[in-house]
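Tertiary structure, described
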Amino acid sequence: MKSSASQVISELEGTLLMNPDPFSYFMLVAFEASGLIRFTLLLLFWPVARSLEILGMSDLVFDIIVFVVLAGTRVSEVEAVARAVLPKFFMDDVDMEAWRVFDGYEKKVVVTRIPTIMVERFVKEHLGADEVIGSEIVVNRFGCATGFLKRDVGSFGDSLSKFLGDHRAQLGMGRCNGVSDSFLSLCKEVRHRPFTATQDDRDTKQHHRPIPVIFHDGRLVNRPTPLGALVILLWIPIGLCLAMIRIILGLTLPMYAVSYIAAIFGGKIVVKGKPPPPASATNSGVLFVCTHRTLMDPVILSYALNRRIPAVTYSISRLSEILSPIPTVRLTRIRHVDAQRIKKELEKGDLIVCPEGTTCREPFLLRFSALFAELTDRIVPVGMNYKVGFFHATTARGCKALDPIFFFMNPRPVYEVTFLNQLPLEATYSGGRSPHDVANYVQRLLAATLGFECTTFTRKDKYRVLAGNDGTVSYASSSGGYIKRVISTFKTFKH
């Protein structure tokens, strides 16, 4: 139950976020918005920053970090990283006990030293804050950040005094030595970490969580701490060589040998369940319906079956098609044309399809297109999942041609392939089920097998929130509709 007409003010770093040091978030912005050079420069500055902080010059250190990361960077790039990359890492760092206390109030304000442009979207859309008070960056007339912070907006305390008026906030949450020093005096009650809930709160709010991050972008798997960033930089040249070797071997070796050779170079394919036999003269081809985690899904499935099976694709790059060791069938997104192409391929033999239409990194399944259910009753669901250590093998904003290279750059990529039984006739279109019922049934079956959750989100939802387009044609778009759909879909998180 929320306190009626009450206000809470909370510091972000070190309170709502467990990590008090925002350095790794600036490292993410440097890597994703500018590239390796700025990422390396910021890492080289880290020892200097720590030395200056010991001397009590933390304000100067923060200003230098902001300058190194943002100077000359287009604001649109920073906004894109804040929209598509940072929310995942922020969410992983949220102190759930602190957030439950924070969310129990009617009006919620977050105060942070981090530039507002980096945190506002996450704090408002996922943590439910009404207002964010943070640093403001200076932007030149060309739409680029100068690297400086505005100094004419007053202190955090001044901004909060204007926001609160003559009233005092009921609760202030913050650290003893953070930016909270500037606003705790404006609060009736003050609380510091650790935030411990009462037994009643635990009983009523144990399933109460922020709006989840379903879609996110960026190449880095883990938040780059200074040590982690150093390891990444040292690994990149090794990873590139390893990726080239793996790709060449995958293109030249016979299918049955790849799984064994992959283990020598750190890769692993785990196969569960019993795959069906190959198509024969008396049996038409089997349609393998897969969950979609990376563009490598059909390739890994072919390795698991020890034979090259064609896969339908939508919008992979020409380089990915050239590097693919299996045949690809490019679809047009014109329903009747695609149906004819899939039918033609099934007459020749087995075929792989990913009805989600795009990848999803989190343990959620997007809506399955019902087209596959209309074309055959020989359907074998296959659960695909993967684990990587350094780099994601998918992107919505970046260069898709590099996806296979980033996948093979990981030290020990692991793929899990889970074969389910072929659908019984009564569960197919030929057995009287509608195509949408069949698609939804297969989605639920695969979700239960993998421990994922089903959603109704589509490819367009993903690209609108991550890239501001529908995945095919670029146009300006807001993610507001996506957030509303997340809220409506995951109401259970809020009760």
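Residues numbered from 1 in each chain as written. Predicted model: local features only at pLDDT ≥ 70, side-chain atom pairs only at ≥ 80, totals over all residues. Heavy atoms only, no water.

With that out of the way, let us pick up the confidence of the model for the chain. Overall, the prediction assigns the chain a mean pLDDT of 86, with 87% of residues at 70 or greater. Predicted confidence for residues 489-495 stays below pLDDT 50, and this span has 21 contacts to residues more than four positions away or in other chains. (pLDDT = per-residue confidence, 0-100. Contact = heavy atoms within 4.5 Å.)

Now for the packing of aromatic side chains. Scanning all chains against the criterion turns up 13 aromatic pairs. With 5.8 Å between their ring centres and 80 degrees between their planes, F26 and F62 make a pair best called edge-to-face. Residue F26 is located in helix α1 (residues 23-34), and its partner F62 is located in helix α3 (residues 58-70); the two are separated by 36 residues in the primary sequence. The same class applies to F26 and to F62, which are both buried. Between F288 and F419, the aromatic rings sit 6.3 Å apart at their centres with planes inclined by 70 degrees, giving edge-to-face as the arrangement. One end of the pair, F288, is in strand β9 (residues 287-290); the other, F419, is in strand β15 (residues 414-419), and 131 residues separate them in sequence. Among the aromatic residues, those joined into a ring-pair cluster are W235, F390, F391 and F406. The ring of F23 has R50 sitting right over it, with the charged end atom 6.0 Å from the ring centre. Its end group placed over the ring of F62, R113 keeps NZ or CZ at 4.2 Å from the ring centre. (Phe/Tyr/Trp six-rings, centres within 6.5 Å; stacked < 30°, edge-to-face > 60°. Helix = DSSP H or I, 4+ residues; strand = E, 2+ residues; numbered from the N terminus. Buried < 20%, exposed > 50% of the residue type's maximum accessible area, 1.4 Å probe, protein only. Lys NZ or Arg CZ within 6 Å of the ring centre and 35° of its normal.)

Now for the pattern of salt bridges. Following the criterion strictly, the structure yields 17 salt bridges and no others. Between E97 and R100 there is a salt bridge whose closest N-O contact spans 3.6 Å. Residue E97 and its partner R100 are located together in helix α6 (residues 96-102), separated by three residues, close to a single helical turn. Taking the relative accessible area as the measure of exposure, E97 reaches 26% and is therefore partly exposed. Residue classification places R100 among the buried residues on the basis of a relative accessible area of 12%. (Salt bridge = Lys/Arg side-chain N within 4 Å of Asp/Glu carboxyl O.)

The next thing to look at is a nonpolar patch on the surface. A cluster of nonpolar side chains, namely L227, L230, V231 and L234, defines an oily patch on the protein surface of about 380 Å² accessible area. As for its position among the elements, V231 is in helix α10 (residues 226-252). Among the residues examined, V231 registers a relative accessible area of 35% and is labelled partly exposed. (Patch = residues over 30% accessible without salt bridge, like charges linked within 9 Å, V, L, I, M, F, W, Y side chains within 5 Å. Areas by Shrake-Rupley, 256 points an atom, 1.4 Å probe, with all protein chains shown as cover.)

The next point concerns empty space enclosed by the protein. Counted according to the given criterion, the structure contains five cavities of 30 Å³ or more. By volume, the largest cavity is sized at about 590 Å³. Lining the largest cavity are 37 residues, and of these H292, L295, M296, I316 and S320 sit closest to its centre. Where the lining of the largest cavity is concerned, the elements lending two or more residues are α10, α12 (297-305), β10 (311-313), α13 (318-323), α16 (403-408) and α18 (459-466). Among the elements that take part in the lining of the largest cavity, α10 stands out by supplying four residues, more than any other. Its residues assigned to classes, the lining of the largest cavity shows 19 nonpolar, 13 polar and five charged. Counted as a void, the second largest cavity has a volume near 250 Å³. Elements that contribute at least two residues to the lining of the second largest cavity include exactly α10, α11 (255-264), β8 (268-272), α12 and α16. (1 Å grid on protein atoms, 1.4 Å probe; cavity = no way out; pocket = protein on both sides within 12 Å on 5 of 7 lines; lining within 4 Å. Points joined across faces, edges and corners; volume = space filled by probe spheres on them. Nonpolar A, V, L, I, M, F, W, Y, C, P; charged D, E, K, R; others polar.)

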